[in-house]
Amino acid sequence: MTKFSKLTIIMVTIALAFTMSQVAWAQEKTVVKLWHLFNTGEPLADLYANVVVPGFEAENPEIKIELRAQGRDIVQKIMAGLLSGDFPDVIEDMPSTIHPTLVVNDEALVLNDILDELDYDGKGPFRNRVGDLVWDYLDRWWVGEDGKIEQMVRYMNLLGIGYNGIIFDDLGLTEPRTWTEFLDVSGKIKASGVAPIVMASDVWYYTAMWYAELVMRMNPEAGFYDIAADKSGEAWDMPMYLEAAKIVEDLVKEGYFIKGYEGYAWPSDLIAMTQGKVAMEIGGSWQWMETNQQNPDPNVFEFRFMAFPELEGYPGKVTQLFLDVNSSAILRRTPVVDAAKRLFKYLYTDEIVLAFQTVGKSLPPTPGLPGDKDFPSIYGMRAASTKMIEGYHGVPGLFPDWMTGVFVPENNKLIFGRITAEQFIENMKKGTIEYWKGK
Amino acid sequence: MRKESKLIILAFLAPCLIAYIVFMIVPVIAAVGFSFTKWAGMGTVQYIGSNNYYELVRDPSYWVALKNVALILFGGGAIVMLLSLVLTGLLAPGVKGRKIFRAIYFLPVIIPQVVLSIIWAYVYNPTFGLLNQSLDFLGLESLQMIWTGPDLIFTSVLASIVWMTVGMYMIILMSGVDKIPSEYWDSAKIEGAGKAQIFIYITLPLMWDVFAIAITLWGIWTINLFEYIFVFSANQVRPELYTLSILVYIRAFGQWMQPSFRFGYGSAIAVTQLLLVFAFVLGARRILNRRRVEY
């Protein structure tokens, strides 16, 4: 045997021994797969990788977390994973996507038992990690009639209107509480030469928000839900829905949207905001994070957030917060239930909840925690809140095909000025009736 | 042929044949089967007869997708083939710099579609895109448009698709030209034929079979068009850009903020897409049959 052959054999043997030792070492640990909806490089994805995983593994040396940043199409990957056998144990995603997929198909673990267990630190019932207002919200929108809880709120983003504080201060403007005040503010901004409003027109979640939130102020209980769920289509005959459409039509006609808004693809809208070209954008409190990623000049742009205005003569109040929530769930098929539950509880510890608040500027579900110093306004809104309402009244999760197949196309025609308010109502009524015929 | 030879041939063909059947034929048959069911991709498969097809006929999105495919197929196809023919004619054998120009026109073909779609999405951006910025620089602000708005986005995407594909079909047609013996052209020149006459009466008929292949390939590619539009759209595919493949994906798997796990319905759309491909290929073969044009 040549010297080369002997050396090769020795090296291969060492390599094999090392590999086998790694495999053996890994097999001693319980592996928990954690998937979330952020993309690698996003601040919250970094938070998972740099804080959540190391922190949990340090306290639980017998458990190893296999983390994957799956992006916004996480639920498609989960469904594919369930078919192939490579699926997560614990996830974070939005309830409007978790519900129609994992919950409806009975793939999410029922969490009712875990609520009565002690929390991660053993200080009290796990249930207490979520405040009463949030339980009310969950009960209203995402807990089934059978009382099964299959996802829990991790943190909340407020839906409303983000605005440039620098422009408001320069013009001496205050946050409008009513629609009349909002139009007055928009008029003053327009007169100053700045465009009042922008939006990402390629994302239906934003284009549909104007009409939906008007309707939700008009009927906070179920205004948007009713027009989706009414199979007869007669809900569309109620005057408030036409009034809301006319308000949107007027926004377009009065030229409050920035020129070319119908072609703005995300993140063009954020760029326009941070460059001071536009004053306001409908969206959510997460836009604090997104606008900061544009590295704005602090002399030109400062992100502030306000609730969607009230409409005079209607019961909706600015203290009733519209929410966009992220949830966590455990998959029913997980082979490591105990480890998955432990990780699940860890995500609700003060340390992790506050970390998500700091990075994402979101509201925690846990009561009594200090607000973030960089974003005091939304904590003030939460402190003053009287009710928490699911964005779009849960319709995207409850009736996804109606939302994107019936409502969004007609709404886009309305908000891009292609049809009148009357045509919108007529088309929506016909479309809703037609939609339910096939069900 | 001896029996032993047949067995050897079969042994060599078997792996490919098995792979083709398993990964191509079986899924198609399965899709046809699923198109008559209601299935979320897991759980029970519920037979619902032709309900998916009834819904498809009443689904406005389906007709938008079909219309878009037809526009790209025929409208876009006409432009692509015309431009390819013109370029083929201009870059006839003997033209100086032919190889360089051929390489330049072929360049978009070798760049991955994913990359091109991202680039074009930025070019068309109405705020900071290269197109509007260039028009502004040239003092042509009046020509600035909202290229990605609902009115123009389809045309914008179609234009970029034409730009992206012309090179490929030019090369295909040039291969047809290159196989024509030069004596035909020499004879025509001696007879006094001009360049246009040579192209129309000699080159085109003799390369017709290659032209027919190019049209068939274009049809198949167009009807199955997916990745370019999907990546161009980045966040959510706008209804103005729906194609049949996009709709299959959206209905079967959903997209961001649009959950939908309707494998049965998606399969029904895919089956109609398959029938469309068959119809196009058979129709193209019939219409473009060489015997009709050869004289």
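Here's a quick rundown of the structure.

Procedures and definitions
- Residues numbered from 1 in each chain as written.
- Chains lettered and ligands numbered in written order.
- Predicted model: local features only at pLDDT ≥ 70, side-chain atom pairs only at ≥ 80, totals over all residues.
- Heavy atoms only, no water.
- 1 Å grid on protein atoms, 1.4 Å probe; cavity = no way out; pocket = protein on both sides within 12 Å on 5 of 7 lines; lining within 4 Å.
- Points joined across faces, edges and corners; volume = space filled by probe spheres on them.
- Helix = DSSP H or I, 4+ residues; strand = E, 2+ residues; numbered from the N terminus.
- Contact = heavy atoms within 4.5 Å.
- Buried area = accessible area lost by both parts, 1.4 Å probe.
- Salt bridge = Lys/Arg side-chain N within 4 Å of Asp/Glu carboxyl O.
- Polar contact = N/O pair within 3.5 Å; in protein donor to acceptor, adjacent residues only side chain to side chain.
- Nonpolar A, V, L, I, M, F, W, Y, C, P; charged D, E, K, R; others polar.
- Phe/Tyr/Trp six-rings, centres within 6.5 Å; stacked < 30°, edge-to-face > 60°.
- Buried < 20%, exposed > 50% of the residue type's maximum accessible area, 1.4 Å probe, protein only.
- Lys NZ or Arg CZ within 6 Å of the ring centre and 35° of its normal.

1. Digging into the layout of surface pockets
Here the largest pocket is characterised by a volume of approximately 1300 Å³. In this structure, the largest pocket is lined by 49 residues; those nearest its centre are A:Arg72, A:Trp266, B:Ala234, B:Asn235 and B:Trp256. Among the elements of the structure, strand 4 (152-164), helix 9 (204-207), helix 14 (287-292) and strand 8 (320-330) of chain A together with helix 5 (113-123) and helix 11 (227-233) of chain B are those that each provide at least two residues to the lining of the largest pocket. Take the lining of the largest pocket: its biggest share by element is 4 residues, from helix 11 of chain B.

2. Examining the interface of chain B and chain A
Listed per partner, the contact involves 29 residues of chain B and 37 residues of chain A. Around 3000 Å² of area is buried between chain B and chain A when both sides are counted, 60% of it from carbon and sulfur atoms. The largest share of the area that chain B buries against chain A comes from B:Met42, B:Met257 and B:Pro259, three residues that together contribute 24% of it. Linking chain B with chain A are 3 salt bridges, by the criterion used here. Inspection of the chain B/chain A interface yields 10 residue pairs in polar contact (both at pLDDT 80 or more). A breakdown of the residues in the side of chain B that touches chain A according to their chemical character gives 12 nonpolar, 12 polar and 5 charged.

3. What to know about the pattern of salt bridges
Here the structure, examined in full by the defined rule, presents 32 salt bridges over all chains. Between A:Lys413 and A:Glu410 there is a salt bridge, with its nearest N and O atoms 3.1 Å apart. Here A:Lys413 and its partner A:Glu410 are both found in helix 19 (residues 400-415), 3 residues apart, which amounts to about one turn of the helix. Among the ionic pairs, B:Glu55 bridges to B:Arg262, the shortest N-O distance being 2.7 Å.

4. Observations regarding the packing of aromatic side chains
Scanning the entire structure with this criterion turns up 56 aromatic pairs over all chains. Ring geometry for A:Tyr211 against A:Phe424: centres 5.0 Å apart, planes inclined by 65°, an arrangement best described as edge-to-face. Of this pair, A:Tyr211 sits in helix 10 (residues 209-218) while A:Phe424 sits in helix 20 (residues 421-437); the two residues are 213 residues apart in sequence, bridging distant segments of the chain. Here the two residues A:Tyr211 and A:Phe424 agree in accessibility, since each one is buried. Seen from their ring centres, B:Phe34 and B:Trp39 are 4.7 Å apart, and the 15° between their planes marks the pair as stacked. Relative accessible area serves as the criterion here: at 27%, B:Phe34 is assigned to the partly exposed category. Members of the aromatic cluster, each reached through a chain of ring pairs, are A:Trp204, A:Tyr205, A:Tyr206, A:Tyr211, A:Phe224, A:Trp236, A:Tyr241, A:Trp286, A:Tyr392, A:Trp402, A:Phe407 and A:Phe424. The cationic tip of A:Arg127 hangs over the ring face of A:Trp135; the distance from NZ or CZ to the ring centre is 5.4 Å. Positioned over the ring face of A:Tyr256 is A:Lys190, at 5.9 Å from the centre of the ring.

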